[in-house]
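Architecture at a glance
Here is how the chains run, residue by residue.
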Amino acid sequence: MSRANDPFDTYLLRVFSILMNERSVSRAATRLNQSQPAVSTALKRLREIFDDPLLIKDKQRMVPTERALQLEASVRVVLGEIDALLSPGDVFDPATTRQTFRIGTPDYLAPPLMAAVVQYLRTTAPGARMLLQPLGPDYDYDGALADGEIDVVIGNWPQPPEHLRTTLLLEDEIVCLVDRDHPGASGMRATDYLQGSHVVPLLYSGLQRGVVETHLAAQRLTRTPTVTVPFFSMAPHLLPGTDLIFTTSRHFALHFAAILPLAVVPAPIDFPPMRFYQLWHGRNQHAPGHIWFRSLLSAVMRTASATRHLRVSAPPSEVRLAA
């Protein structure tokens, strides 16, 4: 609650933060479940408080001023502190919680991995809910974590962002996935790989190259992206009957090789392992429910990595202890 002499309240701060993410009054109104006039009124009040236009209309989007960019990080910190103060201090009990856990992730994790997460969640926290948010080059996962729109991001980075909290979930070998009758199905040389035709997914982050491209660039090597797809899970379905090569993690390749006429081939380039991380914002560092959920994700991935089985019958012991 704001005092009578406060220049603004938390509602205005949240409007500002979401406007900075969306760059649109209409989209901000949708996210806030408010009318466009209400958000426009809030923006007008913010402009008066800061004596700055903050967001200027440019064609179909709004562009932040220098003052707005300076304010953005501070507003996110303030909102995080406020949310931490208002969060319940009760002990978290997975058996009775009705909390919603929101994960931002691309679709490059094989479905059985996420199915195992769901299995553990349903076993240990039957009243909880889980929401999966797809990541893409236009999705600001950094801002979404800061605003509490998502709780955890699962991603694959050569180097994860340093300003977020991070733990390693899974380390996996990079392999090639090809049609069973592909000339390289029984073995592939580096020249075959570099001169071959490749299926390449779009990057989900505009800030970093993927592990494969980063390594090839460091070695001054190039490959031909013959087909570019918007989703990782689309790539395997394009391989049967073609000479295309898809470079991916072993667990992902094995899943699709079991359901499609495909072969998994060792990569002829000495790629580093593909590392999958979970990232979260400092605002949730000490929240009991979030600590438990991050432990669950870590345990599922660690079990899958150690056993090469993507389903097990009981929740990992460290999840039960973390609860």
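Residues numbered from 1 in each chain as written. Predicted model: local features only at pLDDT ≥ 70, side-chain atom pairs only at ≥ 80, totals over all residues. Heavy atoms only, no water.

A few words on the overall build of the protein. The secondary structure content of the protein amounts to 11 helices and 12 strands. Within the span of the protein, comprising 323 residues, buried residues form 47% of the whole. Put simply, of all contacts in the protein between residues at least 6 apart along the chain, 75% involve residues at least 24 apart. Of the roughly 16600 Å² of accessible surface on the protein, 53% is carried by carbon and sulfur atoms. (Helix = DSSP H or I, 4+ residues; strand = E, 2+ residues; numbered from the N terminus. Buried < 20%, exposed > 50% of the residue type's maximum accessible area, 1.4 Å probe, protein only. Contact = heavy atoms within 4.5 Å. Areas by Shrake-Rupley, 256 points an atom, 1.4 Å probe, with all protein chains shown as cover.)

The subject of this paragraph is the confidence of the model for the protein. In this model, the protein carries an average pLDDT of 84, and 87% of its residues clear a pLDDT of 70 or more. When the elements of the protein are averaged for pLDDT, helix H11 (residues 317–322) gives the smallest value, 43, and strand S11 (residues 262–266) the largest, 97. Contacts for the low-pLDDT stretch residues 1–5, under 50 throughout, to residues beyond four places or in other chains number two contacts. Across residues 308–323, where pLDDT falls below 50, the model places 35 contacts with residues more than four positions away in sequence or in other chains. (pLDDT = per-residue confidence, 0-100.)

Sheet strands associate in pairs through backbone hydrogen bonding, adopting either a parallel or an antiparallel arrangement. Taken in spatial order, the five strands of this open sheet run S9-S8-S10-S7-S11, and their pairing is mixed. Across the chains shown, the open sheet's two edge strands, defined by having one partner strand only, are strand S9 (224–229) and S11. Adjacent strand axes in the sheet meet at a mean angle of 35° when their direction is disregarded. The pairing of strand S7 (residues 174–179) with S11 spans five bridges and is classified as antiparallel. Residue pairing for S11: Cys176 is matched across the bridge by Val265. Sitting on the sheet, helix H9 (residues 250–257) is in contact with S7, strand S10 (244–249) and S11, with an inclination near 125° to S10. (Pairing = 2+ DSSP bridges. Axes fitted to C-alpha atoms, helices over the stretch in contact; angles between N-to-C directions.)

Okay, the pattern of salt bridges next. Scanning the entire structure with this criterion turns up nine salt bridges. Residue Glu22 is joined to Arg31 by a salt bridge in which the shortest nitrogen-to-oxygen separation is 2.9 Å. Between Glu213 and Arg223 there is a salt bridge whose closest N-O contact spans 2.8 Å. Taken as a pair, Glu213 in helix H8 (residues 211–218) and Arg223 in the loop between H8 and S9 lie far apart in primary sequence, 10 residues in all. One salt-bridge network, in which partners are shared between bridges, spans Glu22, Arg27, Arg31 and Glu149. (Salt bridge = Lys/Arg side-chain N within 4 Å of Asp/Glu carboxyl O.)

This paragraph deals with the side chain of Glu22. Mapped onto the fold, Glu22 is located in helix H1 (residues 10–22). Apart from residues no more than four positions distant in its own chain, Glu22 is found in contact with Arg27, Ala28 and Arg31.

Nonpolar side chains collect at one region of the surface, where Phe231, Met234 and Leu238 lie side by side and expose about 250 Å² of accessible area between them. With respect to the secondary-structure elements, Met234 resides in the loop between S9 and S10. (Patch = residues over 30% accessible without salt bridge, like charges linked within 9 Å, V, L, I, M, F, W, Y side chains within 5 Å.)

This next bit is on helix H5 (residues 111–124). Taking 1.5 Å per residue as the helical rise, H5 with its 14 residues ought to reach 20 Å, and the 20 Å between its terminal C-alpha atoms agrees with that figure. Along H5, the residues that are buried comprise Pro112, Leu113, Met114, Ala116, Val117, Tyr120, Leu121 and Thr124. (Expected span 1.5 Å × (residues − 1).)

So, about the packing of aromatic side chains. Per the stated rule, a full pass over the model turns up seven aromatic pairs. Aromatic pair Phe92 and Trp292: ring centres 5.5 Å apart, planes at 40°, arrangement tilted. You can see Phe92 sitting in the loop between helix H4 (66–86) and strand S3 (100–105) and its partner Trp292 sitting in helix H10 (residues 288–307), a full 200 residues away along the chain. For Phe92, a relative accessible area of 12% puts it in the buried group. Judged by relative accessible area, Trp292 falls into the buried class, the value being 0%. Plain terms: the ring middles of Phe101 and Phe293 are 4.5 Å apart, the flat faces sit at 10° to each other, and that makes the pair stacked. Of the two residues, Phe101 is situated in strand S3 and Phe293 in helix H10; the sequence distance between them amounts to 192 residues. Phe101 sits in the buried class, given a relative accessible area of 0%. Residue Phe293 is classed as buried on the basis of its relative accessible area, which comes to 1%. Among the aromatic residues, those joined into a ring-pair cluster are Phe92, Phe101, Trp292 and Phe293. (Phe/Tyr/Trp six-rings, centres within 6.5 Å; stacked < 30°, edge-to-face > 60°.)

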